[in-house]
Amino acid sequence: MSFDEANNAADIRTGDFMGTLDTGEAERSLEELPWVADARVRRRWPASVEVDIAERTGAAIALAAPDSWVLIDIEGRVLTSPLAVLPEHPRLSGIAAAPGPGGFLASDADALLAALSAARGQPEYVVASLWRDRRGDIRARVRQQPGDLMLEVTLGDESAIGAKTAAIAAVIGEMTTSHATLDVSVPHLPVLRPSG
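Draft legend 1. Structural detail: the overall build of the protein. Per the secondary structure count, the protein includes 4 helices and 10 strands. In the protein, the succession of α and β elements from N to C terminus is α-α-β-β-β-β-β-α-β-β-β-α-β-β. Computed over its C-alpha atoms, the radius of gyration of the protein comes to 21 Å, more than 25% above the 16 Å expected for a compact globule of 196 residues. Along the first, second and third principal axes, the C-alpha set of the protein runs to 70 × 30 × 30 Å. Relative to its full complement of 196 residues, the protein shows a buried share of 40%. Pairs at least 24 apart in sequence give 39% of the contacts found in the protein among residues at least 6 apart. Carbon and sulfur atoms make up 51% of the accessible area of the protein, which amounts to about 10,600 Å² in all. Charged side chains of the protein number 18 positive and 28 negative; the gap between the two group centres comes to 3 Å.

Draft legend 2. Spotlight on the pairing of strand S6 (residues 125-132). Extensive coverage of S6 is indicated by the burial of 6 of its 8 residues. The pairing of strand S5 (residues 91-93) with S6 spans 3 bridges and is parallel. Bridging across to S6, Arg 91 finds its partner in Ser 129. Crossover connection from S5 via helix H3 (residues 110-119) to parallel S6: handedness left-handed. Note: S6 against strand S7 (residues 138-144), 7 bridges, orientation antiparallel.

Draft legend 3. Local environment of unusual backbone geometry. Along the chain, Trp 45 connects to Pro 46 via a cis peptide bond; the corresponding omega equals 15°. Relative to the assigned elements, Pro 46 resides in the loop between strand S1 (36-44) and strand S2 (48-55). Pro 146 follows Gln 145 through a cis peptide bond whose omega is -10°. Inspection of the secondary structure puts Pro 146 in the loop between S7 and strand S8 (150-156). Here the phi dihedral of Asp 67 falls at roughly 60°; this positive angle occurs in a residue that is not glycine. Tracing the backbone shows Asp 67 in the loop between strand S3 (60-65) and strand S4 (68-72). Of note, Ala 160 is a non-glycine position whose phi angle comes to about 50°, a positive value. Inspection of the secondary structure puts Ala 160 in the loop between S8 and helix H4 (161-172). On the basis of relative accessibility, which here comes to 40%, the residue Ala 160 falls in the partly exposed class.

Cut-offs and rules
- Here the residue numbering is sequential within each chain, running from 1 through the sequence in written order.
- Residue-level local features of this predicted model are given only where pLDDT is at least 70; pairs of side-chain atoms are given and counted only at 80 or more, and the full residue set underlies all totals for whole chains, interfaces and linings.
- For the side-chain quantities, the full set of heavy atoms in the structure was used; hydrogens and water were omitted.
- Secondary structure elements follow DSSP: runs of H or I no shorter than four residues count as helices, runs of E no shorter than two count as strands, and numbering proceeds from the N terminus.
- Put simply, the radius of gyration uses C-alpha atoms, and a globule should come to 2.2 Å times the residue count raised to 0.38.
- A simple rule labels every residue: compare its accessible area, found with a 1.4 Å probe on the protein chains alone, to the largest value its type can have, and call it buried under 20%, exposed over 50%, or partly exposed in between.
- Should any heavy atoms of two residues lie within 4.5 Å, those residues are counted as being in contact.
- Here the open area of atoms and residues is found with the Shrake-Rupley method and a 1.4 Å probe, where only the protein chains shown may cover a residue.
- When charges are counted, neither His nor the chain ends are considered; positive counts come from Lys and Arg and negative counts from Asp and Glu.
- A charge is said to be at NZ when it belongs to Lys, at CZ for Arg, at CG for Asp and at CD for Glu.
- Any two strands with at least two DSSP bridges between them are considered paired.
- The handedness rule is simple: strands pointing away from the viewer, and a clockwise path from the first strand over the helix to the second, make the crossover right-handed.

By themselves these figures say nothing about function.
Okay, structure coming up:
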């Protein structure tokens, strides 16, 4: 986000009267910008205004339309218009289309975002993609770290997401071949099946 974007949104101009400056309105306007997570606007008498902005961080890409991907943060807020060049972020699909910048993904993405968030703390693997299949179950493609081994994973329903991501970590760290599908829908009983 640029200084000009923030300055225009806050609508604070040199020469504005400090006594009537609406800091709350300036904060709300800034927080409407897609990239702004939090904004604080304070008067610094006699003639300065201090603006602190916490920016959002891109966490994944999601489909807005067929072959049209947008960047989202870990809370599901859409940060960009459709991207010409796709960044190296996990892809979310099988959910309602992403809205325009500043909007949030629909609630059917909540479990995917929870799985992505839980997986961020796992050093054994990174998520390449997450999706809901035709039955609504959650599935993923993960890459072993370090290494290039890719594994397809069935997480099943939305329950016990943290335990399921921990089960993936426990199994993938011991794997040497990617010709298998891992089912962690019952996290304390992970099942490794041959692909195909």
